[in-house]
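This is what each chain is made of:
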Amino acid sequence: MDSPLTQQARPEIFEPKVVGLYKRLFTDVHDDEIPQGFWAELFLLRPDLPRLQQVLENADSGLLIQSQHHSHQLLIQSIAALKLGRPPADEHALDVVAGLDNVDAVFSELVASLDNIIRKDGGDLSLRLKAVRTAIAVVSGGYQTALVSYFVNRDFFPAIMRLVQQLDDPLQATEPILLVGLLAIHGKFEAHNPYQVRFADFVNEKAMIRVAESVGQLSSMLRAQYIAVQDDTPLAWSVAGTLSYVGLGALAGAKPTQPVFTEEQQRDMFTKLPGPEASTLVTVYDFALANKLFCRRFVAWEATDKEEPPPFSAFISFTSYLYQHAYRSARASSYAYLTLLILFILVEDAAIAKLLCETTTPVRLCRQRPPFLPLPRNDRSYAAAIIDLLADGINHNLRKRLDTAFYAQTLTVLSRLLTYLARSWTKLQYHWCELWRSLLSFVRFLNQYAEDMHTLPGTTQLVQSLVDLLALALAGGEALLPDETAYDDLFYKLVESGDALVKLRDTYQLGKPDDKKAAINTLIGVSKHYQEVIESHRAKKEHLSPREIEKIIRQGYDTLNVETQREDQVQGRGFREADIKSEVKRFLKVVVADAVVLVSAPRAT
């Protein structure tokens, strides 16, 4: 007679029903899909932990590897039952997880077997990659259990880095790279993790370059997902160039047909992006945080295939698409924040910031939603492209429920980059008027929706950061702006925004009107000074041309007397993860959840 829930034949020799379910999990490797009824019945039955351990002990490590999908699903379903909190399923699920945790010898053997397979030079690459996926499945599926400690306490790092170098396709290396990232973030803020030491001590440049190439290919693939929803290729681009930047240079001879979706379809599709493959970016964060040599190689490395963009160019390009759509979901917001931290770590280091300013290469930036920034006519520095994507992020995510963490981190990256430019007297070629326009439009937005902003966390500090950034640009403009025209434009836009700045000060209580040390009063003082100068000229001539106003502004420098903040007052202290613990934990949860999805999906053949 068959079980009404599982539709499986009952055994002729009596054994507890739950034991039969255990055997099905860990011995029937041909049963790929387990119906939901199986899990409902499993957690309704009282666990028999000694028999569970017996089933596991009788299964060799090779069989456990083959049935890894079932182990993975057991962990996921146990956690799901715990979250639902429905007795007795929640208590039974907890017992099952605890029972798995106690089979130390079995899981130690499993972990050792996986490590041996992965590190086997000359072995079957498909088997080694399958072992990697098995490890990701167990680590991500059981991330809140002690099971992960079996992996953390065994050094997979050398084996994975060798595998990364031996794979011909850089995209194949993304899952091994993800695995070391997952192991490195386990227990973050709570316990010592040997993988973090591994990242810091790593000096194998060949492996670093391979990681960079893999991240570049991954970024191109993630960006292609956005372009597949809405093709934003500029009309002036050639077919060959377009395909090259999408990562399909080999298809330059033929233009693929691009489906056209309705706005509603696009909205639904964009909400699901980026794909779960983006979880691998957590390893870029791990490397950037711990290893400056990796940072330099990641930024400086040029693509081996000249039809492909350099890895860092591809990374910035994907990030620009991510930032234009960051507001669409909590997932997208989390990945946007993660990539902002990577950029922050890079620009904070003076040597790498210098490299960002000196390295020029084409970077395709997202143009899927207005307002559009001007298309560059020539190759620009990475620093200019980064400012563009940050300005785009500010322009395209303005909502009443503002993502204050995203905006605060965006302003922090901009502040660090402008601080470097001013200190090094690097006069960056960039359409600075667009940045001033974006920042001052943000000022007006904060004024218009002040009532909504006051209900959000961190709003006061966010507004102060915006003011400090404008004050920094004002104080350091002579050092970082390429010519007087760009500097004059900043002054003119401050004049235009005088009333908005006064309203911002009063609405968010940024300082009293007579507080000369308040950065907001520095900006208001400049605006008032030039308003008075311009009005005095208008008394003589009612209509002033833009060129005449520019001349007046330049002449007004001589009579300008305002307090400006020092750069060290604006930029704050260096990057410390502990300062943003809640935000880091938020995106780590997303990364782990996406890793589960990634290895649960069937692999493309």
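The structure this text deals with has already been given above.
Residues numbered from 1 in each chain as written. Predicted model: local features only at pLDDT ≥ 70, side-chain atom pairs only at ≥ 80, totals over all residues. Heavy atoms only, no water.

Caption draft 1: Summary view of the overall build of the chain. When its secondary structure is counted, the chain shows 31 helices and two strands. Considering the chain as a whole, with its 605 residues, one finds that 54% of them fall into the buried category. Carbon and sulfur atoms make up 52% of the accessible area of the chain, which amounts to about 27200 Å² in all. (Helix = DSSP H or I, 4+ residues; strand = E, 2+ residues; numbered from the N terminus. Buried < 20%, exposed > 50% of the residue type's maximum accessible area, 1.4 Å probe, protein only. Areas by Shrake-Rupley, 256 points an atom, 1.4 Å probe, with all protein chains shown as cover.)

Caption draft 2: Inspection of the side chain of Arg128 at higher detail. As for its placement among the helices and strands, Arg128 is situated in helix H8 (residues 125-141). Among all residues touching Arg128, those that are not within four sequence positions of it are Ile117, Ile118, Arg119, Lys120, Asp121, Gly122, Gly123, Leu163 and Gln166. (Contact = heavy atoms within 4.5 Å.)

Caption draft 3: Seen up close, the packing of aromatic side chains. A complete count under the given rule lists 25 aromatic pairs for this structure. Ring centres 4.6 Å apart and planes at 25 degrees place the aromatic pair Phe287 and Phe294 in the stacked group. Here Phe287 and Phe294 have matching classes, each one buried. Cluster of aromatic residues (ring-pair linked, three or more members): Phe157, Phe199, Phe202, Phe287, Phe294, Phe298, Phe312, Phe315 and Tyr382. The ring of Tyr327 is capped by Arg399, whose NZ or CZ atom sits 3.8 Å from the centre of that ring. (Phe/Tyr/Trp six-rings, centres within 6.5 Å; stacked < 30°, edge-to-face > 60°. Lys NZ or Arg CZ within 6 Å of the ring centre and 35° of its normal.)

Caption draft 4: A look at helix H31 (residues 581-600). The end-to-end C-alpha separation of H31 is 29 Å, in line with the 28 Å expected for 20 residues at 1.5 Å each. Restricting attention to buried positions, one finds in H31 the residues Val584, Phe587, Leu588, Val590, Val591, Val592, Asp594, Ala595, Val596, Leu598 and Val599. (Expected span 1.5 Å × (residues − 1).)

Caption draft 5: Structural context of unusual backbone geometry. The step from Leu273 to Pro274 runs through a cis peptide bond, and the omega angle for that step is 0 degrees. Position of Pro274 among the secondary structure elements: in the loop between helix H15 (263-271) and helix H16 (281-290). Residue Pro371 is reached from Pro370 by a cis peptide bond, and omega for that bond is 0 degrees. The phi dihedral of Phe189 is positive, around 75 degrees, even though this residue is not glycine. Relative to the assigned elements, Phe189 resides in the loop between helix H11 (174-185) and helix H12 (194-201). You can call Phe189 partly exposed: its relative accessible area is 29%.

Caption draft 6: A look at the nonpolar core. Judged by nonpolar contacts, the single largest core of 172 residues is most densely connected at Phe151, Phe312, Trp432, Leu439 and Phe442. Per-element accounting of this core gives the leading share, 13 residues, to helix H19 (residues 330-348). Excluding anything up to four places from it in sequence, Trp432 contacts Ile387, Leu418, Leu421, Leu480, Leu481, Pro482 and Ala486. Grouped together as the second largest cluster of nonpolar side chains are 18 residues, Leu25, Phe26, Ile34 and Trp39 included. (Core = buried A, V, L, I, M, F, W, Y, C linked by side-chain atoms within 4.5 Å.)

Caption draft 7: Expanded view of the environment of Asn58. Mapped onto the elements of the fold, Asn58 is located in helix H3 (residues 49-58). As a C-alpha pair, Asn58 and Phe26 span 32 residues in sequence and 9.8 Å in three-dimensional space.

Caption draft 8: Layout of the side chain of Asp232. Assignment of secondary structure puts Asp232 in the loop between helix H13 (205-229) and helix H14 (239-246). Residue Asp232 is classed as buried on the basis of its relative accessible area, which comes to 8%. Here Tyr321 takes part through its side chain, which lies 2.8 Å from a polar atom of the side chain of Asp232. Of the polar contacts made by the side chain of Asp232, one reaches the side chain of Arg364; its length is 2.7 Å. Sequence-distant contacts of Asp232, that is, excluding residues within four places in its chain, are made with Ile227, Tyr321, Arg364, Leu365, Cys366, Arg367 and Gln368. (Polar contact = N/O pair within 3.5 Å; in protein donor to acceptor, adjacent residues only side chain to side chain.)

Caption draft 9: Summary view of the environment of Asp506. Assignment of secondary structure puts Asp506 in helix H27 (residues 498-507). Through-space distance from the C-alpha of Asp506 to that of Asn447 is 9.9 Å; in sequence the pair is 59 residues apart. Reaching out from Asp506, the side chain makes a polar contact with the side chain of Arg505 at a distance of 3.2 Å.

Caption draft 10: How the structure looks around helix H18 (residues 311-324). The end-to-end C-alpha separation of H18 is 21 Å, in line with the 20 Å expected for 14 residues at 1.5 Å each. For H18, the tally of buried residues reaches 14 of 14 residues, placing the bulk of the element in the interior.

Caption draft 11: How the structure looks around the pattern of salt bridges. Scanning all chains against the criterion turns up 19 salt bridges. The shortest N-O distance in the salt bridge between Arg119 and Asp115 comes to 3.0 Å. A salt bridge links Arg154 to Asp115, with the shortest nitrogen-to-oxygen separation between them at 2.9 Å. A residue pair is termed long-range when its members are at least 10 positions apart, and Arg154 in the loop between helix H9 (148-152) and helix H10 (157-166) and Asp115 in helix H7 (residues 104-118) qualify at 39 residues. The class for Asp115 is buried, based on a relative accessible area of 1%. (Salt bridge = Lys/Arg side-chain N within 4 Å of Asp/Glu carboxyl O.)

Caption draft 12: How the structure looks around the packing of H11 against H31. Put simply, H11 and H31 touch, their axes get as near as 11 Å, and they point 140 degrees apart. With respect to H31, the element H11 is oriented oblique. Seen from above, H11 lies across H31 with left-handed handedness. The segment H11 lies against H31, with Glu175, Leu178, Leu182 and Ile185 engaging Leu588, Val591, Val592, Ala595 and Leu598. For the contact of H11 with H31, the class distribution of residues is eight nonpolar, no polar and one charged. (Axes fitted to C-alpha atoms, helices over the stretch in contact; angles between N-to-C directions. Parallel < 35°, antiparallel > 145°, perpendicular 65-115°, else oblique. Left-handed = near helix turned anticlockwise from the far one by under 90°. Nonpolar A, V, L, I, M, F, W, Y, C, P; charged D, E, K, R; others polar.)

Caption draft 13: Examining the environment of Val19 more closely. Considering the arrangement of structural elements, one finds Val19 in helix H1 (residues 17-27). Using a relative accessible area of 0% as the deciding quantity, one classes Val19 as buried. In the structure, Val19 is positioned 33 residues away from Leu52 in sequence and 7.0 Å away in space, judged by C-alpha atoms. In this view, Val19 contacts Asp48 and Arg51; residues no more than four positions away in its chain are not counted.

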